[in-house]
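Residue-level structure breakdown
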Amino acid sequence: MTNTCSDDNNIYIVNKPSNSDDKKSMPIIDSSPVLEKISLGKHLLSMWYLAVILLTPIVFLPVFLLVSDQYQRQARCGYTIAVMAIYWTTEALPIAVTSLAPVVLLPALGVLTAKEVSSVYFNDTTMLFVGGMVAAAAVETWNVHKRIALLVLKLVGAEPKCLLLGICLVTWFLSMWISNTATTAMMIAIVQALLAQFKEMKAHDKTQHVKLNGYSVRAQDKTDQEADAEFVRLSKALTLSVAYSANIGGVASLTGTGPNLVLLAASQKVFEEVGLTSPITFSTWFIYGLPLSLLLMLTMYQWMVVFFLRCKGGCLCCCCSPETKRGQIEKVNAMIRDEYKKLGPVTYAQGSILIAFFLLVVAWVTRDLGGIGGWAALFPKGYLSDSTPSILFGVLMFVLPSSIPKALTNRLDKHATYSRVTPLLTWRQLQDKMPWSLYFLLGGGYAIAHAATVSGLSKWIGDQLMVFRSLDQWLFLLIIGYIVTFATEVTSNTAIATLMMPILAQMSVSLQINPLFFMYPAAVATSFAFMLPVATPPNAIVFSSGTLKVIDMVTSGLFLNIVCVPILILATATWGNAFFHFDKFPREFLQNSTLAGVVKSA
């Protein structure tokens, strides 16, 4: 039984056994404190989320109460989006729970029927993500990602700059295919093991020096301090590089991160409504995203080398460590080799997953080669998409055995013992690793995007944004890039992409600019979250390791926030524009009354 009492400043929560009068009863083992003292101020502060949840709908009521009947539907759709934006930004409700709000608000406000809203939550883009996540879960389950990571580190060696480059490359590559969060969690554990080995070697060398030379003189103390500072900088560089590489790696592939899929769904909707096919596929994404992501990763690596390792000029040379440190580096190399050796030879299950995943990527890339062919041409036009091979290979993870059935390779012997045949992946394993909340977030984005189009809100926003027609489009794109980059530091990447895509699509059409010109870079910019621990799960994971302070992430991340946007604009203006023709406005948008009714023909 729990009794609660209070005075002017504090609230006391007292836990008592409900059978305290029965002396013969068994004692109750309770790990919680008997008396918990809570400050009244903290108690009231803990209710902030209730205030946000209750007050936000009330504060935004004038959005549609003061609007004329002509624009009521648009206003009510805007009201729903405004309430969700506040909930998403403050996280007063879990982000996934907020994403379910359209199912309640849009029908209640008369914007869409409940059937219409619910039907858009699960679509082809979601199925693409499901298949990709199933394959990624199999990779994690059988530690294929860990084998790849240790193999690369074994090849690059433990010299600080080489080690840093290896960590960046491995994290960047893995985050292209599996969850950024899972990649970060695995890589930060490897980094901490490496740092522990470096620290142990440093302490051992210091002990040996004392034994040989007695008490250290001031010069030696100064040397030790410099070595300690160098170790701290190396720790920060390796730790931050894991988070930054995971964020950047998601840009490289279509399924790398949530905002990419939000862009895919939004572009499909925008282009299909004017009778066109969205040019974004898995293969075409690689043309724009892979070189951009690699360039961003190398820029980040150079910055880590200069800022933390203090190598002037961003030296790429990996073999410039002093001779005195060769012994330490060789010992760390030995540790990496030992860890890789512990994994043993590649198992049948790991080999099966590697082959299946490779074939899945090949199927994604070769389905549609940007309009110049692909295996999808063997089937009726428009019937297949990237979700088809995604789900096929996802199902195979539950079909392929995790070991070779002995009954198929040996003679049957009823006296012999056999191991149970199990598939590469079970539903329980998938259930633990699947990011279910992200599906609700994507679905909520599809719902409000659909509502904004059907209600006419997107058209109305496009009218208001015509004031920017006189502004140079590249300068405007730069401004949008910085707005999104800094907004994503305090808001979910997928949430900010969900809010921005319908607005940018209509704005592009209103300004007679290819919709992808603004949408594509803005979606990519949501991954430029480098400054704050709360910006992305990878940032939070590395910050919780205890190696970093907030100021470390802010000072190093601010430079990356500033420099990554111009690199993004460069990619858009060069190879992105050469392939996607961002500078050409399709005429079909001018002929479509739904999306471009406000556009005046010249």
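Just so you know, these numbers come straight off a predicted model, no measurement behind them. (Residues numbered from 1 in each chain as written. Predicted model: local features only at pLDDT ≥ 70, side-chain atom pairs only at ≥ 80, totals over all residues. Heavy atoms only, no water.)

1. Brief notes about helix H9 (residues 144–156)
Counted only if it meets this: Secondary structure elements are defined from DSSP: runs of H or I of at least 4 residues count as helices, runs of E of at least 2 residues count as strands, and each element is numbered from the N terminus. To estimate the expected span of a helix, count its residues, drop one, and scale the result by 1.5 Å. Note on exposure labels: buried denotes an accessible area under 20% of the residue type's maximum, exposed denotes more than 50%, and partly exposed covers the range between, all computed with a 1.4 Å probe on protein chains only.
Its 13 residues give H9 an end-to-end C-alpha distance of 19 Å, which sits within 8% of 18 Å, the value for a rise of 1.5 Å per residue. Where H9 is concerned, the buried positions are Val 144, His 145, Arg 147, Ala 149, Leu 150 and Leu 153. Downstream of H9 by one or two residues, Gly 157 has phi in the positive range, about 90 degrees.

2. A few points about the environment of Val 134
Stated precisely, the cut-off is as follows: Any two residues whose heavy atoms approach within 4.5 Å at even a single point are treated as in contact.
Its place among the elements puts Val 134 in helix H8 (residues 124–141). By relative accessible area, Val 134 is classed as buried at 5%. In this structure, the C-alpha to C-alpha distance between Val 134 and Lys 433, residues 299 residues apart in sequence, is 8.8 Å. Setting aside residues up to four positions removed in sequence, Val 134 forms contacts with Gly 394, Met 397, Phe 398, Leu 425, Leu 430 and Met 434.

3. So, helix H23 (residues 493–510)
Worth spelling out the cut-off: Across the chain, bend at a residue is computed as the angle between axes fitted to the seven residues ending at that point and the seven starting from it.
For H23, spanning 18 residues, the distance from its first C-alpha to its last is 26 Å, which sits close to the expected 26 Å at 1.5 Å a residue. In H23, a bend of some 30 degrees at Met 500 exceeds every other bend along the element, and Pro 502, a proline, comes one to four places later. Burial runs high along H23: 17 of the 18 residues are buried. Following H23 by one or two positions, Gln 512 has its phi on the positive side, about 55 degrees.

4. Re the confidence of the model for the protein chain
Put simply, the rule reads: pLDDT is a residue-level measure of predictor confidence that goes from 0 to 100.
Averaged over all residues, the pLDDT of the protein chain is 80; the fraction at 70 or higher stands at 82%. For residues 1–35, every residue scores under 50 in pLDDT, and the model assigns this stretch 47 contacts once sequence neighbours within four places are set aside. The low-confidence segment residues 313–319, where pLDDT is below 50, has 15 contacts with residues more than four positions distant or belonging to other chains.

5. Thoughts on the pattern of salt bridges
What counts is decided by this rule: What makes a salt bridge here is a side-chain nitrogen of Lys or Arg within 4 Å of a carboxyl oxygen of Asp or Glu, nothing more.
This structure, assessed with the given rule, holds five salt bridges. When the shortest N-O distance is used, the salt bridge between Glu 273 and Lys 269 registers 3.4 Å.

6. Topic: the environment of Ser 455
For clarity, the threshold we go by: Counted as a polar contact is a pair of N or O atoms within 3.5 Å, where, for protein atoms, one must be capable of donating a hydrogen and the other of accepting one, and residues adjacent in sequence contribute only when both atoms are in side chains.
Looking at the secondary structure, you find Ser 455 in helix H20 (residues 436–455). With a relative accessible area of 6%, Ser 455 lands in the buried category. For the pair formed by Ser 455 and Arg 73, sequence separation is 382 residues and the distance between their alpha carbons is 5.7 Å. Ignoring sequence-local partners within four residues, the contact set of Ser 455 consists of Arg 73, Gln 74, Cys 77 and Val 111. At 2.7 Å, the side chain of Ser 455 forms a polar contact with the backbone oxygen of Ala 451.

7. Points about the nonpolar core
We count it as follows: Only buried residues count toward a nonpolar core, which is a set of Ala, Val, Leu, Ile, Met, Phe, Trp, Tyr and Cys residues joined through side-chain atoms within 4.5 Å.
Counting 162 residues, the largest nonpolar core has Met 501 and Phe 518 as the members making the most contacts within it. The greatest single-element share of this core, amounting to 12 residues, is contributed by helix H14 (residues 282–307). Apart from residues lying up to four places away in sequence, Phe 518 is in contact with Gln 473, Phe 476, Leu 477, Ile 480, Leu 504, Met 507, Ser 508, Leu 511 and Ile 513.

8. Some words on empty space enclosed by the protein
Which entries qualify depends on this criterion: A pocket, in this scheme, is an open set of points on a 1 Å grid over the protein atoms alone with protein on both sides within 12 Å along at least 5 of 7 lines, while a cavity is a set where a 1.4 Å probe fits but cannot get out; residues line either one if an atom lies within 4 Å of a point. Grid points are joined across faces, edges and corners, and a volume is the space filled by probe spheres set on the points.
Enumeration over the complete set of coordinates arrives at three cavities of 30 Å³ or more. For the largest cavity, the calculated volume is near 120 Å³. For the largest cavity, the lining is made up of 12 residues, of which Val 270, Thr 453, Ser 458, Pro 502 and Ala 505 are closest to its centre. Only helix H13 (258–272), H20 and H23 provide two or more residues apiece to the lining of the largest cavity. Here the lining of the largest cavity gets four residues from one element, more than from any other, and that element is H23.

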